[in-house]
Each structure stands twice: as structure tokens, then as C-alpha cells.
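If you want the building blocks of each chain, they are given just below.
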Amino acid sequence: MVRGQMNFKRLTLIAIKIDIKRVPNKKTLIAAMEAADVKSKWENNSWGRKLIVQKKRASLNDFDWFGSAVSGVSGQWVRVWFNPVRKLQVGGSVKPGQI
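Conventions and cut-offs
- The residue numbers shown here count from 1 along each chain, following its written sequence.
- This being a predicted model, a pLDDT of at least 70 is required before a residue's local features are given, and a value of 80 or more before pairs of side-chain atoms are given or counted; all residues contribute to the totals for chains, interfaces and linings.
- Each side-chain value is worked out from all heavy atoms of the structure, with water and hydrogens disregarded.
- Secondary structure follows DSSP: runs of H or I at least 4 residues long count as helices, runs of E at least 2 residues long count as strands, and numbering of each begins at the N terminus.
- Each residue is placed in one exposure class: buried if its accessible area under a 1.4 Å probe, protein chains only, is under 20% of its type's maximum, exposed if it is over 50%, and partly exposed if it falls in between.
- Residues count as neighbours in contact if any of their non-hydrogen atoms are within 4.5 Å of one another.
- Any pair of Phe, Tyr and Trp rings, taking the six-membered ring for Trp, is counted once the centres come within 6.5 Å. Such a pair is stacked with planes under 30 degrees apart, edge-to-face with planes over 60 apart, and tilted for the rest.
- The predictor attaches a confidence to each residue, called pLDDT, with possible values from 0 through 100.
- Nonpolar side chains (Val, Leu, Ile, Met, Phe, Trp, Tyr) are joined into patches within 5 Å and like charges within 9 Å, using only residues with over 30% relative accessible area and no salt bridge.
- Method for areas: the Shrake-Rupley scheme with a 1.4 Å probe, in which residue coverage is limited to the protein chains shown.
- Salt bridge, as applied in this entry: a Lys or Arg side-chain nitrogen positioned within 4 Å of an Asp or Glu carboxyl oxygen.

## Here's the deal with the overall build of the chain
Working step 1: Each helix and strand in the chain was counted, giving 5 helices and 0 strands.
Working step 2: Of the regular secondary structure in the chain, the N- to C-terminal order runs α-α-α-α-α.
Working step 3: Relative to its 99 residues, the chain shows a buried fraction of 11%.
Working step 4: In the chain, of all internal contacts separated by at least 6 residues, the share reaching a separation of at least 24 is 16%.

## Some remarks on the packing of aromatic side chains
Working step 1: For the structure shown, the criterion picks out 1 aromatic pair.
Working step 2: When the ring of W42 is compared with that of W47, the centres are 5.4 Å apart and the planes differ by 55°; the resulting orientation is tilted.
Working step 3: The exposure class assigned to W42 is partly exposed, which follows from its relative accessible area of 26%.
Working step 4: Accessibility expressed as a relative area gives 38% for W47, which makes it partly exposed.

## Some words on unusual backbone geometry
Working step 1: In this structure, V23 takes a positive phi of about 50° despite not being glycine.
Working step 2: Structurally, V23 is set in the segment before α1 (26–35).
Working step 3: For V23, a relative accessible area of 47% corresponds to the partly exposed category.
Working step 4: Not every positive phi belongs to a glycine, and D37 is a case in point at roughly 60°.
Working step 5: Counting through the fold element by element, D37 comes out in the loop between α1 and α2 (38–44).
Working step 6: Judged by its relative accessible area of 41%, D37 is partly exposed.

## Overview of the confidence of the model for the chain
Working step 1: For the chain, mean pLDDT is 79; residues scoring 70 or higher make up 70% of the total.
Working step 2: Mean pLDDT across the elements of the chain ranges from a minimum in helix α5 (residues 76–90), with 57, to a maximum in α1, with 93.

## Digging into a nonpolar patch on the surface
Working step 1: On the surface, M6, F8 and L11 cluster together into a nonpolar patch covering about 390 Å² of accessible area.
Working step 2: With respect to the element layout, F8 can be found in the segment before α1.
Working step 3: With a relative accessible area of 74%, F8 lands in the exposed category.

In C-alpha cells, the structure reads:
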């Protein structure tokens, strides 16, 4: 690992702990992280879940984004706008007044 100075404002303490010696080499650090099961602990942490959701939302295309934006909304607006758009994407026909 590369050593350097860092401000305390940029540091955050979390509950994941690894028992290692001071300034380990990369191989030792990776082995200790795998032994402590850090990846699964991070994915179950609220901060890790938040980052996973952000990456997933960043990878959505326009149609997926629109579907997730209106998935919790119900009512006239969703029936009028969302269903005809879905029919067009699937390849169905839509009447002129529906869109």
C-alpha cells in the first residue's frame, strides 16, 4: 500500500476490522481481507448497499429508468403514458389518441 498523509475529515470509521501488521504488502493485505470476509460485510453494510444501488441506477437505460421512476406511482398518469410506450417497445400497435 502507498503511504501518505490524509486529513481526518476525509476518514470514516466503520465496523469492519482486519487484524494485520503495520504497512503490509499487497499480497498479505488481500489475504487478510479475504480471511475476514470484508466484501460480504461491506455489501451488507448500509453504505455498501447505497453504493451498489447508485451503480445499478447509473447503468440503467432510459426505458429502465422511466420504469423504475414510476414503479411506485399508480393512477391515471401511469396507465395513460407507461402502457402505450411499453406496447410500442414490444412491437404492438397503439391507437393515435393513446400517446
